[in-house]
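# Per-entry structural report
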Amino acid sequence: MIIRSLAVGPIMANCFIAGCEKTREAVVIDPGDEGDRILMALAEEKLTVKYILNTHGHFDHVAANRRLKEVTGAEICIHPDDAPMLGQLASMAMSFGLRAENSPPCDLPLRGGEEIRFGEEVLKVIHTPGHSPGGLSFAGDGFVFVGDTLFAGSIGRTDLPGGSYNTLIASIRERLFPLGDAVRVYCGHGPDTTIGSEKRFNPFAGGV
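Note that residues are indexed from 1 along each chain, following the sequence as it is written. Restriction of local features to residues with pLDDT of at least 70 applies here, the model being predicted, together with a cutoff of 80 or more for giving and counting side-chain atom pairs; totals for whole chains, interfaces and linings are based on all residues. Note that water and hydrogens are dropped before the side-chain values are worked out from all heavy atoms of the structure.

What follows deals with the pattern of salt bridges. Should a side-chain nitrogen of Lys or Arg be within 4 Å of a carboxyl oxygen of Asp or Glu, the pair is scored as a salt bridge. Taken as a whole and assessed by the stated rule, the structure comprises 10 salt bridges. Arg4 is the partner of Glu44 in a salt bridge, and the nearest nitrogen-oxygen pair spans 2.8 Å. Here Glu44, found in helix H1 (residues 35–44), pairs with Arg4, found in strand S1 (residues 2–8); they are 40 residues apart in sequence, far enough to count as distant. Accessible area is worked out with a 1.4 Å probe on protein chains only. A residue is then buried under 20% of its type maximum, exposed over 50%, and partly exposed in between. With a relative accessible area of 46%, Glu44 lands in the partly exposed category. In this structure, the salt-bridge partner of Asp36 is Arg67, at a minimum N-O distance of 2.7 Å. In this pair, Asp36 is assigned in helix H1 and Arg67 in helix H3 (residues 65–72), connecting sequence segments 31 residues apart. Residue Asp36 is classed as partly exposed on the basis of its relative accessible area of 45%. When salt bridges that share partners are traced, they join Arg4, Glu44 and Glu45 into one network. Strands are runs of DSSP state E lasting at least 2 residues, helices are runs of H or I lasting at least 4, and numbering of each runs from the N terminus.

Below you can see the structure in the form of structure tokens.
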């Protein structure tokens, strides 16, 4: 699988492009800003976007949904619990002194348990609430995109509306850690890590 990452926007959220090497079909995970830069990366890889996958509804992860949707026609996918945020991005960003465009509405709701297929590749949808009620992770063969659920040596914040520390820790320990120690974790901010490393050394969720 082709995997390409771009840190976008003033908060430097990680946007990921995942593509099928054979068919060139792709998904874009968390297009948080700089839509034209993401589109350029897709063109460089000669990829056609089938789905826009939102790990959650916070503006720094979804603010370029509109631009990508307008250009590619790809379906926007998000958990129903976070879908209402798509129409509130401008006000959310303003509260941080930033600007964002509201997103078009969800095309394909994901609740967890589904499979996202693009070309010959498959991502399994895992509901990982805690950072937000509708947090999602997308697991492939040996890797997982986790949004702001888990970071290298840290976890997502839980003080925003709908956040829950206990729910987040349960999501990490019960739904991400069982994926296996060798699984690479692509985080919503900062460097990637592995499940094994976070199980051993994460001061919040580790020690299991």
